[in-house]
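# Examining the three-dimensional arrangement
Each chain, letter by letter, is given below.
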Amino acid sequence: MRRATTAQPVDATAATVDEAPLVEVQDLHKTFRRGAGFLRRGGTAVRAVDGVGFSIREGETLGIVGESGSGKSTTGRLLLRLLEPDSGRVRFAGQDVLSVSRSEFRRRRRDMQMIFQDPYASLDPTKTIGASVGEPLKIFENLSRAERDDRVREMLGRVGLRPDYLTRYPAEMSGGQRQRVAIARALSINPRLVVADEAVSALDVSTQSDVLNLMRHLQRDLRLTYLFISHNLSVVRHMSDRIAVMYLGRIVETGPAEQVYLEPLHPYTRALLSAIPVPDPLAQRSRPKIVLTGDVPDPAHPPAGCNFVSRCPLAMSMCHEVDPGLEPMRESSAVACHLHTGNSR
Ligand code: SF4
């Protein structure tokens with residue numbers, strides 16, 4: 001397979017070059033072995049993350065969007081070393097995250113916390129809310145029981161829960177309240193970076209909007225930096241300063257959120273957008289609809305050339321042979337598509 005450029009990964013997610021980012025990811029790779037036997041030998045290689053690169057400035061939100069199997073959640077887990085990458089580089093506050101031992105990294109993990117999709121699964125049902133939210137404080141801070149309880153009450157207040165929730169159990173709460181507890185727990189030790197992986201996907205629409213607004217307020221008040229991962233492009237747009245669209249383990253388009261949302265370049269981004277309902281029925285009818293045919297290809301057997309070629313309504317003959325690579329485009333944007341890189345001319 002030919003590559004038109006050497007551009008993957010281009011760090012085109014950086015909006016400016018004069019500000020040192022809090023997070024820098026370069027050429028991240030992760031391959032799983034499907035059907036591997038003893039000692040993970042044999043099996044089929046599945047490239048879950050294939051040369052991903054991005055950066056996030058302090059106080060900013062980078063949204064990663066893509067369908068199931070795009071590699072977005074794996075990317076978040078690699079960043080926090082919940083999974084070990086095969087290769088690549090992750091720097092946090094200027095320090096190499098991957099070269100330190102796991103025990104040293106655990107100490108640094110207080111600055112990097114994660115919020116998961118299912119708060120019920122991430123909270124121990126046998127522990128009170130006070131014990132769950134206080135657990136990171138127990139590990140990372142030397143506080144008395146009373147001081148810890150005070151801090152937990154303060155955190156519950158920050159996420160809009162009454163102090164008496166301290167003695168409740170997860171089963172006594174709604175999904176939205178449990179996700180507020182999960183947020184309080186993640187923020188209890190003052191992290192700088194929060195990776196939110198489908199943090200509102202399990203909630204109903206009105207609760208989603210409450211939790212998203214809460215996360216935005218907390219970001220402003222606590223100067224948090226977010227990596228916000230979701231399959232829902234309108235949710236990602238609402239939360240993000242910049243967006244990276246992933247498909248089959250790669251970033252295929254990235255840029256400022258409004259630009260990606262209003263003027264998408266990659267046919268996959270356009271298809272994701274055309275699937276979002278618009279409140280105005282007239283605008284909905286006049287909007288071009290791009291219906292993708294087929295399923296996401298098996299990542300163990302990605303297509304030759306462009307990885308989107310098997311579903312792209314605009315595919316050309318060269319798309320079956322030449323990998324477009326991620327090419328810088330408009331200011332701080334990049335796209336992996338021959339229609340925009342000039343390779344088709
Ligand atoms: Fe479609 Fe070709 Fe662009 Fe890939 S490179 S997104 S197949 S037009």
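The rules we used
- Residues numbered from 1 in each chain as written.
- Predicted model: local features only at pLDDT ≥ 70, side-chain atom pairs only at ≥ 80, totals over all residues.
- Heavy atoms only, no water.
- UniProt positions renumbered as here; feature names shortened; annotations may be inferred.
- Helix = DSSP H or I, 4+ residues; strand = E, 2+ residues; numbered from the N terminus.
- Expected span 1.5 Å × (residues − 1).
- Buried < 20%, exposed > 50% of the residue type's maximum accessible area, 1.4 Å probe, protein only.
- Pairing = 2+ DSSP bridges.
- Contact = heavy atoms within 4.5 Å.
- Axes fitted to C-alpha atoms, helices over the stretch in contact; angles between N-to-C directions.
- Parallel < 35°, antiparallel > 145°, perpendicular 65-115°, else oblique.
- Left-handed = near helix turned anticlockwise from the far one by under 90°.
- Nonpolar A, V, L, I, M, F, W, Y, C, P; charged D, E, K, R; others polar.
- Arc of directions from axis to C-beta.
- Near = heavy atom within 4 Å.
- Polar contact = N/O pair within 3.5 Å; in protein donor to acceptor, adjacent residues only side chain to side chain.

- The name given to the protein in an unreviewed UniProt entry is ABC transporter ATP-binding protein, with the source organism recorded as Pseudonocardia yunnanensis.
- Under the UniProt heading Sequence similarities (unreviewed entry), the note attached to the protein is "Belongs to the ABC transporter superfamily."

## Some thoughts on helix H6 (residues 175-187)
- With 13 residues, H6 extends 18 Å from end C-alpha to end C-alpha; this agrees with the ideal 18 Å at 1.5 Å per step.
- Within the span of H6, buried status applies to Gly176, Arg178, Gln179, Arg180, Val181, Ala182, Ile183, Ala184, Ala186 and Leu187.

## Let's talk about the sheet that holds strand S11 (residues 250-256)
- Here 8 strands make up an open sheet; going across it, the order is S7-S8-S9-S4-S10-S11-S14-S13 and the pairing mixed. At either margin of the open sheet sits one strand with a lone partner, and together these are strand S7 (112-115) and strand S13 (327-328).
- As paired strands, S11 and strand S14 (residues 334-335) are joined by 2 bridges and run antiparallel to one another. If you follow Thr254 over to S14, its bridge partner there is Ala334.
- Along the sheet face, helix H7 (residues 205-222) touches strand S4 (61-65), S7, strand S8 (193-197) and strand S9 (225-230) and points at about 160 degrees away from the line of S9.
- With respect to the sheet, helix H10 (residues 267-274) is in contact with strand S10 (242-247) and S11, its orientation differing from that of S10 by roughly 105 degrees.

## Focus: the packing of helix H4 (residues 129-140) against helix H5 (residues 145-158)
- Two elements in contact, H4 and H5, have axes separated by 9 Å at closest approach and are oriented at 110 degrees. Here H4 lies roughly perpendicular to H5, going by the angle between them. Judged by the sense of rotation from one axis to the other, the crossing of H4 with H5 is right-handed. Where H4 approaches H5, its residues Ile129, Gly130, Val133, Gly134, Leu137 and Lys138 are matched on the opposing element by Arg148, Arg151, Val152, Met155 and Leu156.
- Grouping the constituent residues of the contact of H4 with H5 by class yields 6 nonpolar, 2 polar and 3 charged.

## Thoughts on H7
- Between its first and last C-alpha, H7 extends 26 Å over 18 residues, near the 26 Å set by a 1.5 Å rise per residue.
- What H7 keeps buried is the set Thr207, Gln208, Val211, Leu212, Leu214, Met215, Leu218 and Gln219. Angularly, the buried residues of H7 cover 160 degrees about the axis, an arc narrow enough to put them on a single face. For H7, the exposed residues set more than 90 degrees away from the buried face come down to Val205 and Arg220.
- Backbone geometry just downstream of H7 places Arg223 in the positive-phi region, at approximately 50 degrees.

## Quick look at the site of the ligand
- All residues adjacent to the ligand are His266, Pro267, Cys306, Phe308, Val309, Cys312, Leu314, Ala315, Cys319, Cys337, His338 and Leu339.
- Of the residues contributing to the shell around the ligand, the split by class is 10 nonpolar, 2 polar and no charged.

## What about the sheet that holds strand S5 (residues 87-92)?
- Overall, antiparallel pairing links the 4 strands, which are arranged S3-S2-S5-S6 in an open sheet. Of all the strands in the sheet, just strand S3 (44-56) and strand S6 (95-96) have a single pairing partner and so form its edges.
- The sheet strands contacting helix H1 (residues 72-79) are strand S2 (23-34), S3 and S5, and the helix crosses S3 at an angle near 65 degrees.

## Re the pairing of S10
- When you tally the buried positions in S10, you get 6 out of 6 residues, the bulk of the element.
- Side chains Arg242, Ala244 and Met246 of S10 all project onto a buried face; the interleaved residues Ile243, Val245 and Tyr247 project onto the opposite face, where all are buried too.
- Here S4 runs beside S10; their pairing, made up of 4 bridges, is parallel. Paired with Ile64 across the bridge in S10 is Ala244.
- In this sheet, S11 lies alongside S10 in antiparallel orientation, the contact comprising 6 bridges. Residue Tyr247 lies in a different strand from S11, and its bridge partner there is Arg250.
- A loop of 2 residues connects S10 with S11, the two strands running antiparallel in sequence, and Leu248 in this loop sits at a positive phi of about 45 degrees.

## Quick look at the side chain of Arg311
- Relative to the helices and strands, Arg311 is located in the loop between helix H11 (281-286) and strand S12 (322-323).
- By relative accessible area, Arg311 is classed as buried at 6%.
- Here Glu67 takes part through its side chain, which lies 3.0 Å from a polar atom of the side chain of Arg311.
- When residues no more than four places from it in sequence are discounted, the contact partners of Arg311 are Glu67, Tyr247, Leu292, Thr293, Gly294, Asp295, Val296 and Pro297.

## A short note on unusual backbone geometry
- One non-glycine residue, Arg81, adopts positive backbone phi at about 55 degrees.
- Tracing the backbone shows Arg81 in the loop between H1 and S5.
- Despite not being glycine, Leu248 has its phi angle at roughly 45 degrees, a positive value.
- Leu248 gets classed as buried once you look at its relative accessible area, which sits at 8%.

## Considerations on the environment of Ser333
- Position of Ser333 relative to the elements: it lies in the loop between S13 and S14.
- The exposure class of Ser333 is buried, given its relative accessible area of 4%.
- Once the C-alpha coordinates of Ser333 and Arg242 are considered, the two residues, 91 residues apart in sequence, prove to be 9.3 Å apart.
- A polar atom in the side chain of Ser333 sits 2.6 Å from the side chain of Gln259.

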